[in-house]
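Take a look at the letters that make up each chain.
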Amino acid sequence: MLKIAVAGTGYVGLVAGVCFAEVGHQVTCVDIDETKVNLMKSGVSPIYETDLEGLMQKNYSAGRIDYTTDYKSAYKDADAIFIGVGTPEQPDGSANLSYIATVARQIAESVEKDCLVVVKSTVPVGTNDKVEQFIQDFLVNDVKVEVASNPEFLAQGSAVHDTLHAQRIIIGTESKWAEEMLMKIYEPFHLPIVSVNRRSAEMIKYASNDFLALKISYMNDIANLCELVGADIQDVAKGMSFDDRIGSKFLNAGIGFGGSCFPKDTKALEYLARQHGYELKTVKAAIDVNKKQKTMLYKKARQRLITFNGLKVAILGLTFKPGTDDLREAPSLENVPLLLEQGADIFAYDPVGKENFARLYPEGKNGNGSITYVSSIEEALERANVCFIFTEWGEVKAVSPETYKKLMRTPLVYDGRNIYSVHEMQEAGVEYHSIGRKPVVREGLKESKNLELQTVGS
Ligand code: UDX
């Protein structure tokens, strides 16, 4: 059992802290927000994440985890301090490291025994060196402090599972002592550990995330081409997936990737490369494809409808993916302002994302249009002129094609997640547009697929 402090209680910090406690370590989670700390002490998770609350309560009752704003007491005698604070994207695409710097300074001023500082937040290559230097410069007591990199690969919605059953643990260290300390911390997890130097560990994180982002953008690019040449992206993906060099995961074309990692990490790596005088063309292409992809369906719909003014527009799904209330870089955020500007009356449904969305777009009149949050899919679809599917929630997937036909004033569906069979939508009499597949166009309306795609980005 080791004494571990964790700085930051967002997705990275809190999940790591709870999982360390779960395998038997003594954990203190530090956050500057007093209200959040009290909430966590009472067993409530500040983030919506499967299994997290149960493990928080279990380990708090067992005395293995505590939460505090008093960083000094948490850091002073810890064997290891994990930094899991945010590194938000700045307007130029670089990562903002000010939260890391604040924590590093607090650590330097608090530690009273030798300890390992482990950076879990995603940081540009070379940051760990700087953090170590920074801590040394501000160190108050005569103790040894080393910095190690231990990037995080959890996905939101399955964060606890991804941590307890990670496919690999990456540790980046510059000394035997640091390597052994991290090995000891991770030993109870019984997972494969890849031990490399600090800069390689930092790069593994970006290279992995950006590879997945590239994979998605590649499929989106191919999907757009499929539409032009009459191929079906889902069949294409299926055919590709049997080659185990390609694999079957992350081949789903759609309305673009969002979330807290892929958009930020692609921009950050592209920025890092630029800083070093190198043009990272592949990642840049992934970013560009993704940007266009997000408004692809809006553009198709605008072409089809001429205007959204006064139309009832149903939106199913607001979050960037199912299983989370996170809206960061969600396609809905790109499309809603465009629809409102065009005078749409939006009726939005999302099982958990409505509150967060309403903070940005309060219910009622908004610009030329309006937005209403509804608690059932049926309310959103009732007499709607058009429907956009932005998130593949289970509840949305459960809606039958006939329901669109029955409830909507005009059954016109733009599906950004390819959740329906084209054939079934056609059978049900729904005009259906999706990504990289043949559209079902209403009789009498000319199919304008080439024009739609050629105008993308213009
Ligand atoms: C991701 C990585 O999976 C995780 O390893 C890393 O630590 C953080 O970033 P997350 O952002 O939580 O996790 O979600 P993920 O499930 O990976 O999805 C990211 C985005 O890609 C979503 O918007 C999703 O809709 C999209 N996506 C995913 C696709 O469009 N197609 C796919 O095939 C897979």
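Residues numbered from 1 in each chain as written. Predicted model: local features only at pLDDT ≥ 70, side-chain atom pairs only at ≥ 80, totals over all residues. Heavy atoms only, no water.

1. Some details on empty space enclosed by the protein
Under the definition given, this model contains 2 cavities of 30 Å³ or more. Here the largest cavity is characterised by a volume of approximately 50 Å³. Val 119, Lys 120, Ser 121, Thr 122, Val 123, Ser 149, Pro 151, Glu 202 and Lys 205 are the residues that line the largest cavity. When its residues are assigned to classes, the lining of the largest cavity shows 3 nonpolar, 3 polar and 3 charged. The volume enclosed by the second largest cavity comes to roughly 30 Å³. Around the second largest cavity, the lining residues are Thr 87, Glu 89, Gly 93, Ser 94, Ala 95, Thr 122, Tyr 206, Lys 264 and Ala 268. Class assignment of the residues belonging to the lining of the second largest cavity gives a composition of 3 nonpolar, 4 polar and 2 charged. (1 Å grid on protein atoms, 1.4 Å probe; cavity = no way out; pocket = protein on both sides within 12 Å on 5 of 7 lines; lining within 4 Å. Points joined across faces, edges and corners; volume = space filled by probe spheres on them. Nonpolar A, V, L, I, M, F, W, Y, C, P; charged D, E, K, R; others polar.)

2. Notes on the environment of Ala 268
Position of Ala 268 among the secondary structure elements: in helix α11 (residues 262–275). A relative accessible area of 9% means that Ala 268 is categorised as buried. The residues contacting Ala 268, other than those within four sequence positions of it, are Gly 93 and Tyr 206. (Helix = DSSP H or I, 4+ residues; strand = E, 2+ residues; numbered from the N terminus. Buried < 20%, exposed > 50% of the residue type's maximum accessible area, 1.4 Å probe, protein only. Contact = heavy atoms within 4.5 Å.)

3. Overview of the packing of helix α6 (residues 127–138) against helix α9 (residues 198–229)
Where α6 contacts α9, the axes come no closer than 8 Å and their chain directions differ by 130°. Here α6 lies oblique to α9, going by the angle between them. Residue-level inspection shows Thr 127, Asn 128, Asp 129 and Glu 132 of α6 in contact with α9, the latter providing Arg 198, Arg 199 and Glu 202. Grouping the constituent residues of the contact of α6 with α9 by class yields no nonpolar, 2 polar and 5 charged. (Axes fitted to C-alpha atoms, helices over the stretch in contact; angles between N-to-C directions. Parallel < 35°, antiparallel > 145°, perpendicular 65-115°, else oblique.)

4. Overview of helix α10 (residues 233–241)
Looking at α10, one finds that the buried residues are Ile 233, Ala 237, Met 240 and Ser 241. Seen from one end, α10 has its buried residues packed into an arc of 100°, which puts them on one side. Across α10 from its buried face, at more than 90 degrees, point the exposed residues Asp 235, Lys 238 and Gly 239. Buried residues along α10 sit against α9. The distance from a side-chain oxygen at the start of α10 to the backbone nitrogen of Gln 234 is 2.8 Å, and the residue carrying that oxygen is Asp 232. (Arc of directions from axis to C-beta. Polar contact = N/O pair within 3.5 Å; in protein donor to acceptor, adjacent residues only side chain to side chain.)

5. With respect to helix α14 (residues 331–341)
Of all the residues in α14, the buried ones are Pro 331, Ser 332, Asn 335, Val 336, Leu 339 and Leu 340. Angular distribution of buried residues about the axis of α14 spans 135°; they occupy a single face of the element. Just downstream of α14, Gly 343 is the residue with a positive phi angle, here 85°.

6. What about a nonpolar patch on the surface?
A cluster of nonpolar side chains, namely Leu 225, Leu 228 and Val 229, defines an oily patch on the protein surface of about 260 Å² accessible area. For Val 229, the position within the fold is in helix α9. Residue Val 229 is classed as exposed on the basis of its relative accessible area of 60%. (Patch = residues over 30% accessible without salt bridge, like charges linked within 9 Å, V, L, I, M, F, W, Y side chains within 5 Å. Areas by Shrake-Rupley, 256 points an atom, 1.4 Å probe, with all protein chains shown as cover. Salt bridge = Lys/Arg side-chain N within 4 Å of Asp/Glu carboxyl O.)

7. Focus on the site of the ligand
With respect to spatial proximity, 18 residues lie near the ligand, and among them Phe 153, Leu 154, Gln 156, Asn 252 and Gly 258 are the closest. Between the ligand and the protein, one listed contact pairs an oxygen atom with a backbone N or O atom of Phe 153 at 2.7 Å. The contact in question runs from an oxygen atom of the ligand to an N or O atom on the backbone of Phe 320, over 3.2 Å. Considered on its own, the ligand offers 670 Å² of accessible surface; in the complex 89% of this is hidden by protein. Among the elements that take part in the shell around the ligand, α9 stands out by supplying 3 residues, more than any other. The class makeup of the residues in the shell around the ligand is 10 nonpolar, 4 polar and 4 charged. (Near = heavy atom within 4 Å.)

8. Points about the nonpolar core
In this structure, Phe 20, Tyr 67, Phe 82, Leu 182 and Ile 185 are the most contacted members of the largest nonpolar core, which totals 40 residues. Within the second largest apolar cluster, 35 residues are counted, among which are Ala 301, Leu 318, Val 336 and Ile 346. (Core = buried A, V, L, I, M, F, W, Y, C linked by side-chain atoms within 4.5 Å.)

9. Concerning the side chain of Ser 110
Relative to the helices and strands, Ser 110 is located in helix α5 (residues 98–110). With a relative accessible area of 3%, Ser 110 lands in the buried category.

10. Observations concerning the pattern of salt bridges
Scanning the model with the defined rule gives 22 salt bridges in all. Glu 22 is the partner of Lys 58 in a salt bridge, and the nearest nitrogen-oxygen pair spans 2.8 Å. With Lys 58 in helix α3 (residues 52–61) and Glu 22 in helix α1 (residues 11–22), this pair connects stretches of sequence that are 36 residues apart. Residue Lys 58 is classed as partly exposed on the basis of its relative accessible area, which comes to 42%. By relative accessible area, Glu 22 is classed as partly exposed at 24%. The network of salt bridges with common partners includes Glu 89, Lys 267, Lys 294 and Glu 329.

11. Topic: the packing of aromatic side chains
Evaluation of the coordinates by the stated rule reveals 17 aromatic pairs. When the ring of Phe 250 is compared with that of Phe 262, the centres are 6.2 Å apart and the planes differ by 70°; the resulting orientation is edge-to-face. Taken as a pair, Phe 250 in the loop between α10 and α11 and Phe 262 in helix α11 lie far apart in primary sequence, 12 residues in all. Since its relative accessible area comes to 38%, Phe 250 is described here as partly exposed. Judged by its relative accessible area of 13%, Phe 262 falls in the buried class. These aromatic residues form a ring-pair network of at least three members: Tyr 298, Phe 308, Phe 388, Phe 390 and Tyr 414. Directly above the ring of Phe 153 sits Arg 168, whose terminal nitrogen or CZ lies 3.6 Å from the centroid. Across from the ring centre of Phe 347, 4.2 Å away, lies the NZ or CZ of Lys 312, which sits over that ring. (Phe/Tyr/Trp six-rings, centres within 6.5 Å; stacked < 30°, edge-to-face > 60°. Lys NZ or Arg CZ within 6 Å of the ring centre and 35° of its normal.)

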